[in-house]
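# Tertiary structure, described
Listed below are the residues making up each chain.
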Amino acid sequence: MGDTSTASDNGQDDDCDGLVDDADEDCLPCDEDADGDGFTDASCSGGGDCDDTSAEIHPFAFEGTARCFDGLDNDCDGAVDADDPGCTAEGICSVDGWCWENPLPQGNWLSGIHAFADDDVWAVGDVGTVLRWDGEAWSALDTGSREHLFGIWGSGPDDVWVSGAGGALLHYDGASWSGQAGESFAEALRAIWGSDPNNIWVGGDEGAMRRFDGETWTPVPFPGRGTVHDIWGSGPDDVWAVGGIDTCSPCVTRWFIAHFDGEAWSLHDHGQSDGLGGFMLTGIAGSAPDHVITVGRDGVAWRFDGGAWLAERSDSGLELSGVEVTPDGSAIAVGSRGVVARYDAGTEAWSTLRAAEQGAAWLSGAGALPSGDVWLVGARGAILRARRGALEEISHDAARGGTLRGIWGFDDEAAWAVGDGGALLRREGQRWSAVEVEGAPSLRAIWGSSPQDIWVGGGALLHFDGEAWRPFEGERPEGAVDAWGVSLDDAWMLTERALWRWDGEAWTEAEAGFILAGGASLWGASWGDLWLGTDGGTLAHVLDGEWARLAGASGGTYGLHGLSIDEVYAAGEGDVRRWDGAEWREVYRGGRFRGIWVSAKGTAWASGEVGLLRGRRFGVWSPQIESGTRNDLHDVWGGSTSAFWVVGEGGAILRWRP
């Protein structure tokens, strides 16, 4: 038998013909690295790449978060997804114990990223988010700030600077965070860069530009009009800044390129047309004084060769938000609809690494490592890594950005969530995954009597029997906004104009006795004791077949839940109220609520706009709870005192872990 590809380079005469490896004409060639990922094919002696057709699969590939849901053995260790010890479904938690379950590791917008080493990468974003990668997982650092953080730069892990909205300027010394103050730090500070610990620049709104000399931040005269969006330099006497004006009347020059020569800032003669309408420069980076790239709206990319700016790329349908140049002079640019463009220093040409896609998360920041790997971040907590010409999804979003409107569960582990664009998600084994239902439009209402009997309403009416989701045929509620029930043959759906009841065989419209307008929420102890809330604030009560209309929340009643006929809670525009069997009384004022759930042991949660959460324990409503997000939170569901979930904007799913 002739030598095989498996034994073709093992230094042995496998077929006993006196010839070894390549000297044997029977020896099959061993393609050591067909996919160019730097790892030898497992069929070759000493090789470990279990799939040499994909650069994303190799022995040191990341097998966490997003890649724990793809059904592949990404790191060639013989274990797939949940069976791989490297896979985790753990999300970032707020200081008050609300933890992300979707997206993972978290869902706040990430605006900036800075990479020190393969196992030390930092990212910053909304709600004071600072994340740190240790080579295996992301963890959160509490800065004490809740501002949107835009920029990050550091000379090392023990000297990290972060800038953000409201003049936020934070410093990490390797052990703790401190806030830095300067003269009139009121503007949003969107960009930060330094050449060393004693020469750092920060810029932002209204042409704000300040310099740190190791001890003090000092305002510096700056000629650019509008917002400074990004800063980069090759050294202390070669610093660039780009930006412009978002609105103008009349429109003249809306954007700028400015240069600092060691003495003063001046506008640079870029030699490009000013008549580009909504054009704006938003990102700049380089690898040397004669190799600088800037990107912006209209998908433009210009390159400075030491003498002039050369226009190299344009796409009027896109906005490029950030760019990073690797040590070899190549570059990665990111922007709207998840687009990723690549500049090849060898060919001096741009190509599309990932095309823009409607609904994809906007990418806004990039950070490079000496190895040439580039980390990318953006909206909805998106994190990607570009390496050897391939993109790895590090974060995971089962909802693909769709807003979730409703959630329902049956125990502390199993739950379902529904939302815009036909989003239908299932939680099993602490992991959320999308369930495809053909032709399903936006969904909003969900309720089930058991895991084998679940109703979902909205743009369609669907039923789950424990095995499959099926559209309901026959007379049915259209556009349901909420659902409730007490048994397999006693359930209700509320639309904006009507109440429908399921009796186990058919859906029929109930007679309200008055015009129901703006239906928004529904809860009942039984068919004989049912509450309806409207977006106008009205509360309608059905008691033994008799309908009554009562005043509800001041601006709208969007959440209803109770424990008995004499303990019902309503949440809406401005307050939370409690029904004691005789009257409604306000128990909490403030906030714009959208959902509420009360457990049998007295724990309650109300959710609302811009991440609003209010909790009640032992009869007392809490002050502001840190949900960890500013996403609108639309619905709450609870299985026990320790199993509460909220869902909302941007596919947000958070669980309370006290």
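Residues numbered from 1 in each chain as written. Predicted model: local features only at pLDDT ≥ 70, side-chain atom pairs only at ≥ 80, totals over all residues. Heavy atoms only, no water.

### Focus on the overall build of the protein
Let me state the cut-off plainly: Strands here mean DSSP runs of E at least two residues long; helices mean DSSP runs of H or I at least four residues long; both are numbered from the N terminus. Buried means the residue's accessible area, taken with a 1.4 Å probe over protein chains only, is under 20% of the maximum for its type, while exposed means over 50%, and partly exposed covers the values in between. It only takes one pair of heavy atoms within 4.5 Å for two residues to be counted as in contact. Accessible areas in this description were obtained via Shrake-Rupley with a 1.4 Å probe; residue shielding takes into account the shown protein chains only.
Per the secondary structure count, the protein includes 0 helices and 54 strands. Sorting the 658 residues of the protein into buried and exposed places 55% on the buried side. Within the protein, residue pairs in contact and separated by at least 24 positions form 39% of the contacts whose partners lie at least 6 positions apart. Counting only carbon and sulfur atoms, one obtains 46% of the accessible surface of the protein, whose full area is about 26,400 Å².

### Things to note about the state of the cysteines
Basically, it comes down to this: Cysteine sulfur pairs qualify as disulfides if the two atoms are within 2.5 Å.
In total, this model carries 2 disulfides according to the counting rule given. Here Cys50 connects covalently by a disulfide to Cys76, the sulfurs 2.1 Å from one another. Linking Cys50 and Cys76, the disulfide has an S-S dihedral of approximately -80 degrees and is accordingly described as left-handed. With a gap of 26 residues between them, Cys50 in the segment before strand 1 (98-102) and Cys76 in the segment before strand 1 connect regions that are remote in the sequence. Residue class for Cys50 comes out partly exposed when judged on its relative accessible area of 43%. The disulfide bridge from Cys93 ends at Cys99, spanning 1.9 Å between sulfur atoms. Negative torsions about the S-S bond denote left-handed disulfides, and the value of about 105 degrees found for Cys93 with Cys99 makes this one right-handed.

### Focus: the side chain of Arg616
Note the cut-off: The term polar contact refers here to a pair of N or O atoms within 3.5 Å; inside protein, the definition further demands a hydrogen-donor-capable atom paired with an acceptor-capable atom, and it admits residues adjacent in sequence only when both atoms are side-chain atoms.
The residue Arg616 is located in strand 50 (residues 613-617) in this model. Within the local environment of Arg616, its side chain forms a polar contact with the side chain of Tyr569, the two groups lying 2.5 Å apart. Aside from chain neighbours lying at most four places away, what touches Arg616 is Glu567, Tyr569, Val598, Gly602, Thr603, Ala604 and Trp621.

### A short note on the environment of Thr53
Here Thr53 lies in the segment before strand 1. On a C-alpha basis, the gap between Thr53 and Ala34 in space is 6.4 Å, while along the polypeptide they are 19 residues apart.

### Overview of the side chain of Asp529
Within the secondary structure layout, Asp529 lies in strand 43 (residues 529-534). There is a polar contact of 2.6 Å between the side chain of Asp529 and the side chain of His541. Among residues more than four places away in sequence, those in contact with Asp529 are Gly524, His541, Val542, Leu543 and Ile565.

### Things to note about the sheet that holds strand 2 (residues 110-117)
The condition that has to hold: Here the rule is simple: two strands pair whenever DSSP picks up at least two bridges between them. In this description, a line fitted to the C-alpha atoms serves as the axis of each element, helices being fitted only across the stretch in contact, and the angle between N-to-C directions of two axes falls anywhere from 0 to 180 degrees.
Here we have 4 strands laid out as an open sheet, ordered 2-3-4-5, and antiparallel in their pairing. Edge positions in the sheet fall to strand 2 and strand 5 (138-140), since each has one partner strand and no second. Neighbour-to-neighbour, the strand axes of this sheet turn through a mean angle of 20 degrees, independent of strand direction. Pairing of strand 3 (residues 120-125) with strand 4 (residues 130-133), which is carried by 4 bridges, proceeds in the antiparallel orientation. Along strand 4, the bridge assignment pairs Val124 with Val130.

### Points about the pattern of salt bridges
Our working definition: What makes a salt bridge here is a side-chain nitrogen of Lys or Arg within 4 Å of a carboxyl oxygen of Asp or Glu, nothing more.
Counted under the stated rule, the structure contains 31 salt bridges. A salt bridge links Glu319 to Arg297; the shortest N-O distance between them is 3.5 Å. Of this pair, Glu319 sits in the loop between strand 21 (309-313) and strand 22 (320-325) while Arg297 sits in the loop between strand 19 (291-296) and strand 20 (301-304), placing them 22 residues apart in sequence. Glu319 gets classed as partly exposed once you look at its relative accessible area, which sits at 30%. Connected through shared salt-bridge partners, Glu101, Glu413, Arg427 and Arg657 make up one network.

### Section: the confidence of the model for the protein
What counts is decided by this rule: pLDDT gives the predictor's per-residue confidence on a scale running from 0 to 100.
Taken as a whole, the protein shows an average pLDDT of 87; of its residues, 87% reach a score of 70 or greater. In the predicted structure, residues 1-7 sits below a pLDDT of 50 and forms 21 contacts with residues beyond four places in sequence or in another chain.

### A word on the pairing of strand 50
Most of strand 50 sits out of view: 4 of its 5 residues are buried. Judged from the 4 bridges that link them, strand 49 (residues 604-608) and strand 50 form a sheet pairing that is antiparallel. Its bridge partner lying in strand 50, Ala606 is registered against Arg614. With antiparallel pairing between neighbouring strands as the criterion, strand 49 and strand 50 make up a hairpin whose turn holds 4 residues, including Val610 at a positive phi of roughly 45 degrees. In the sheet, strand 50 pairs with strand 51 (residues 620-621) via 2 bridges, with the strands oriented antiparallel. In the strand pairing of strand 51, Arg616 is matched with Trp621.

### Let's talk about the pairing of strand 48 (residues 584-598)
Each regular strand displays side chains that alternate between the two surfaces of the sheet. When strand 47 (residues 567-579) meets strand 48, the two strands line up antiparallel, connected through 6 bridges. Following the sheet pairing, Glu573 is matched in strand 48 by Arg592. Between the antiparallel neighbours strand 47 and strand 48 lie 4 residues, among them Gly581 with a positive phi of about 100 degrees. When strand 48 meets strand 49, the two strands line up antiparallel, connected through 5 bridges. In the sheet register, Trp597 faces strand 49, and the bridge partner there is Trp605.

### Quick look at the environment of Ala483
Within the secondary structure layout, Ala483 lies in strand 38 (residues 482-487). Here the alpha-carbon distance between Ala483 and Arg444, two residues 39 residues apart in the chain, equals 9.0 Å.

### Description of the sheet that holds strand 39 (residues 490-494)
Read from one edge of the open sheet, 4 strands run 38-39-40-41, paired in antiparallel fashion. Where the open sheet ends on each side, the last strands, each with one partner, are strand 38 and strand 41 (507-509). Averaged over all pairs of adjacent strands, the angle between their axes in this sheet comes to 20 degrees, without regard to strand direction.

### Considerations on a negative patch on the surface
Note the threshold: Nonpolar side chains (Val, Leu, Ile, Met, Phe, Trp, Tyr) within 5 Å and like charges within 9 Å form the patches, drawn only from residues with over 30% relative accessible area and no salt bridge. Neither His nor the chain ends is counted toward charge; the positive residues are Lys and Arg and the negative residues Asp and Glu. Taken as the charge location is NZ of Lys, CZ of Arg, CG of Asp or CD of Glu.
Negative charge collects at one region of the surface, where Asp118, Asp119, Asp134 and Glu136 lie side by side. Within the fold, Glu136 resides in the loop between strand 4 and strand 5. Residue Glu136 is classed as exposed on the basis of its relative accessible area, which comes to 64%.

### A few points about the environment of Phe593
The residue Phe593 is located in strand 48 in this model. Take Phe593: its relative accessible area is 0%, and that puts it in the buried class. Remark: the alpha-carbon pair of Phe593 and Ala570, spanning 23 residues in sequence, is separated by 9.4 Å. Discounting chain neighbours no more than four positions away, the residues touching Phe593 are Tyr558, Ala571, Gly572, Asp575, Val576, Tyr588, Ala606, Ser607, Gly608, Leu612 and Arg614.

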